[in-house]
Structures are given as C-alpha cells and as structure tokens.
Amino acid sequence: MQLINGKYHLDGVDLIELTQEFDTPVYVYSANKMAEQVDKLNKAFPGVKLGLHYACKALSNINVLRYMKKLGTGLDAVSIQEVWLGLKAGFEPDQILYTPNGVSMEEIDMAVKEGVKINIDNISILEQFGAKYGRKVPVCIRVNPHIMAGGNAKISTGHIDSKFGISYYQLRHVDRVVKLYDINVEGLHMHTGSDILDAEVFLRGAELLFEAAIDFKELKYMDFGSGFKVAYKENDITTDINDIGHQIAERFINFCSKYGKELELWFEPGKFLVSESGYFLVKTNVVKQTTSTMFAGVDSGLNHLIRPMLYDAYHKITNISNPSGVERIYAVVGYICETDTFGWDRKLNEVREGDILAFHNAGAYGISMASNYNSRFRPAEVLIIDGKAHLIRRRETIEDILNTQVDIKL
Ligand SMILES: *Cc1c(COP(=O)(O)O)cnc(C)c1O
C-alpha cells in the first residue's frame, strides 16, 4: 500500500475508490505481491530442484489458485475439497500434494482416485494404505521431528503433544510397515507449523529428516513444509529467506550426494505467499468514547477476520481515509455480539464515522477462516492484477445464508 498525493493505493488502484465501487467490508489482494513472493522463494535455494506447493488453505479463492498455477507453483491441499478446488483451477493431479490430518481411509481413497500425491500422517492409515494399494500408489510420509517452531503452541505443529505426523521415534515401526506391504515411499515430509523464528530450528528439523531419509531407498523428493514467517508488525523478526535458503540448499545438496541421487526439495508456503498481498477494508460505523476507552466500531468482526481473537494475532491497522489526521489512541472493535477486538491501543490518524480502516497482512487466513456468525454475510474479494481490480467473490446475500437450510414448514 502506498500513499500517493495523500491517497492510499495498492498497485496503482485508489483504495477509497475501490471501496466506493465494491462497498465494504472487502478483502483486496495484490497479485504482483504474490508473484514477488514466489520469485523470492524461487531464487533463495541455489543449485537445487525446487518444488513449491502453495498451501491453499491460507487463501482458497479459485482465482488465486489459478494465478499461483500461472506463477508455476503446485498445490498443497489439506482436504479432499481443496483437492477438488485445485483440479477445478486447472492443476494436474500430480501437481497436487494432499496432506490431510486425521481423515478417514474413505477420504484418502477419494484422493487416490483423483490421482493426486498422498501424504500419510499416521501409522494406522499407512497400514491400511499398504494393505490396499501395496506399491501401486506411491506415498509421502509426514514425519514429526518434535521441533518447536516459534512460541505459539496454537500454530505450531511439531512439538511433542502435537497431533500431526508420525513421530520421528516411530520410524523403526514405519520401516516394518513399509517393508511388510512393499510400500513405495517417494517422499518424506515435515511441517513444523507457522512462525519459525530462525534458521536454527528449521535446520535441526532438516537434519533429523535427512537422517531418517537414508533408510528410504525410493525417495524422489523431500518436503520441508512451511513456517516462513512474515512481518506483521514493524520490528517483527521474520524468516531471512535468502539466509535460510542458502543454508538448506547447501545441506540438501550434501545430503543428495550421500543418498546417491538428486532429489527435489519441496516447500508448501501459505502465509509467505499471500499474507502481505492482502488488505481487509472496513468502514467505521461508530466512534464511541467510554469512561476508559475510545472505541472505533467497524462494519466487520471476528466473523470476517478471526486471527486477533483466535491467536492474539496482531494486524496493523491504517485509517486510509484520513492520512494527515492527528494521531489518537483507539480500540478497534467489530460489530459481532460478543467481544471481538481487532486491536487495543492503536495509534491511528483521527478516526471519524465513515472512515475506511485497512487491516494489513490480511491475505492469509482472513476470508478462508470467515464464517456467517451472527448471520452476517461474508465479504467480497477483489484481486488487483496489473493495476486492474477484479471482483473475485461477490458479497453474500440472504439467499446464500438460507441456501443450505431446509424449510420444514412449521
Ligand atoms: C497450513 C499448512 C501449510 C502452510 O503454512 P503457512 O504458515 O501458511 O505457510 C503448509 N503445510 C501444511 C501441511 C499445512 O497444514
């Protein structure tokens, strides 16, 4: 977002005008920013065959999937529904890695039928899979290296109490299952969760996976998941992608020569590719001074952006209607009938009723986690490509809310 002649723009589009055209609340994304992020990753791992799979749960609009396909990424799908979306978006089945957690064998059978790559995350399913498909369908195995990524247990998935993956300490048993059923293990996977603070954590996980990989003789790729951190606040520690990229690439090349075969190095970033591309634009309904606090109440709530309430996530907020107004302190809150605070003690240019506020880092886990709570409509989405704003999801209507409800004529 740039301030040009006193007006905030995204890729050349005036954001206040955009809200006049598409109304609020509205999610808006910069396609250019997504392309820039894909490019950064592509350049960060010199000398290795890199495979990027966009983790589409972060932002699953089919147009974003199509755009990622144009940028040359594959897809990481965590449900059969995301697999279907990916196929509809035009991905070839072998460009899709299906990485579910705790699903039924029936759902895995459906994914096998679609021809996508399968990532298995527990021994029970591995046994059933082996018994059913033998070596006919190659698999990837999700290993939990028990590496704690970042400090937030709600969004880290590699620690000892985590439900994700097959424990590193169970690999001996995995080996037995693989041999017994002659399973073709073509990939090993780890995903330690969001918010890796430094290269050290990542590399420790990688070393464990390399050690494990030596015993799997048919590997084609190793997938190191995601966890690339982007800045949500000024001075946030972020993943230095070039630094970590070079270190991983070097170790991966060493590993491959030990392994005796050049494997592909895969990642499945979500947040890194789309978080910063997105802004969520809302309108101020009321400015309300209480004895303790100045509230700015907006036409949205935790139904549209749940991260602040669910994870205590910080989303920077800018009053894009009044860039030169004096700064005052606000609590920005939603309109849902329970506490839904977007941010406490935010210094904003004076907020007047009707002003448009922009939430930053709204591309990832924004609309994809939105709900109809309070029977509110989910917002519209706009994608800006080369300076042109495209509506990629219309705002819902009352018909959308009623669509799946069955009227029993009481
Ligand atoms: C959510 C998820 C990702 C993406 O995580 P980000 O933090 O958004 O990059 C990658 N892989 C798997 C298996 C996931 O569940």
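Residues numbered from 1 in each chain as written. Predicted model: local features only at pLDDT ≥ 70, side-chain atom pairs only at ≥ 80, totals over all residues. Heavy atoms only, no water.

**Q** Describe the packing of aromatic side chains, with residues and values.
**A** This model, assessed by the stated rule, comprises 17 aromatic pairs. Ring centres of tyrosine 27 and tyrosine 29 lie 6.3 Å apart, and the angle between their planes is 20 degrees; on these two criteria the pair is classed as stacked. Look at tyrosine 27 and you get buried, because its relative accessible area is 0%. Measuring from ring centre to ring centre gives 3.6 Å for tyrosine 221 and tryptophan 266, while their planes differ by 5 degrees; the resulting arrangement is stacked. With a gap of 45 residues between them, tyrosine 221 in strand E12 (residues 221-223) and tryptophan 266 in strand E13 (residues 264-267) connect regions that are remote in the sequence. For the residue pair tyrosine 221 and tryptophan 266, the accessibility class agrees, reading buried in each case. Taken together, the ring pairs in this structure connect Phe45, Phe210, Phe224, Phe228, Phe252, Phe255, Tyr259, Phe267 and Phe272 into an aromatic cluster. The ring of tyrosine 314 carries lysine 233 above its face, with NZ or CZ at 4.8 Å from the centroid. The side chain of arginine 376 reaches across the aromatic face of tyrosine 335, ending 3.9 Å from its centre. (Phe/Tyr/Trp six-rings, centres within 6.5 Å; stacked < 30°, edge-to-face > 60°. Buried < 20%, exposed > 50% of the residue type's maximum accessible area, 1.4 Å probe, protein only. Helix = DSSP H or I, 4+ residues; strand = E, 2+ residues; numbered from the N terminus. Lys NZ or Arg CZ within 6 Å of the ring centre and 35° of its normal.)

**Q** Hey, could you go over the domain arrangement of the chain for me, with residue numbers and the actual values?
**A** According to the domain assignment, the chain consists of domain 1 (2-29 + 275-402) and domain 2 (60-269). Contacts between domain 1 and domain 2 engage 13 residues on the former and 12 residues on the latter. Taking both partners together, domain 1 and domain 2 bury about 1200 Å²; carbon and sulfur atoms supply 55% of that area. By the criterion of area lost to domain 2, the three top residues of domain 1 are Tyr311, Tyr314 and Ile392, representing 36% of everything that side buries. On inspection of domain 1 and its partner domain 2, the count reaches one salt bridge. Residues glutamate 234 and lysine 316 are paired through a salt bridge, measuring 3.3 Å at the closest nitrogen-oxygen approach. Taken together, the links from domain 1 to domain 2 amount to five residue pairs in polar contact (both at pLDDT 80 or more). Counting residues per element, the ones that place at least two in the side of domain 1 that touches domain 2 are helix H11 (307-311) and strand E21 (388-393). Ranked by residue count, the leading element in the side of domain 1 that touches domain 2 is H11, at three residues. In terms of residue class, the side of domain 1 that touches domain 2 is built from four nonpolar, four polar and five charged. (Domains from an automatic or database assignment. Contact = heavy atoms within 4.5 Å. Buried area = accessible area lost by both parts, 1.4 Å probe. Salt bridge = Lys/Arg side-chain N within 4 Å of Asp/Glu carboxyl O. Polar contact = N/O pair within 3.5 Å; in protein donor to acceptor, adjacent residues only side chain to side chain. Nonpolar A, V, L, I, M, F, W, Y, C, P; charged D, E, K, R; others polar.)

**Q** Would you mind going over helix H7 (residues 171-181) in detail, with residue names and values included?
**A** Looking at H7, one finds that the buried residues are Leu171, Val174, Asp175, Val177 and Val178. Summarising the axial view, the buried residues of H7 lie within an arc of 165 degrees, below the 170-degree limit, and thus occupy one face. Exposed side of H7, more than 90 degrees from the buried face: Arg172, Lys179 and Leu180 are the residues found there. Residues of H7 that are buried sit in contact with helix H6 (123-133), strand E9 (139-144), strand E10 (166-167), strand E11 (185-189) and helix H8 (199-213). At the C-terminal side of H7, aspartate 182 shows a positive phi close to 55 degrees. (Arc of directions from axis to C-beta.)

**Q** Can you break down the environment of tyrosine 181 residue by residue, with the values?
**A** Structurally, the position occupied by tyrosine 181 is in helix H7. Once residues within four sequence positions are removed from consideration, tyrosine 181 is found in contact with Glu127, Gly130, Ala131, Gly134 and Arg135.

**Q** Report on the side chain of asparagine 303, specifying residues and quantitative values.
**A** Relative to the helices and strands, asparagine 303 is located in the loop between strand E15 (294-298) and H11. Looking at asparagine 303, the relative accessible area reads 0%, which means it is buried. A polar contact of 3.2 Å, which involves the side chain of asparagine 303, links it to the side chain of histidine 304. Not counting residues up to four positions away in its chain, the partners in contact with asparagine 303 are Tyr335, Ile336, Ala370, Ser371, Tyr373 and Arg376.

**Q** Lay out the pattern of salt bridges with the relevant residues and their values.
**A** Across all of its chains, the model carries 17 salt bridges by this definition. For arginine 172, the salt bridge identified is with aspartate 175, shortest N-O distance 3.4 Å. Here the residue arginine 172 and the residue aspartate 175 both occupy positions in helix H7, the gap between them amounting to three residues, near one helical turn. Its salt-bridge partner being lysine 179, residue aspartate 175 comes within 3.0 Å of it at the nearest N-O pair. Within this pair, aspartate 175 and its partner lysine 179 are both found in helix H7, separated by four residues, close to a single helical turn. One network of salt bridges, in which partners are shared, links Lys117, Glu186 and Lys220.

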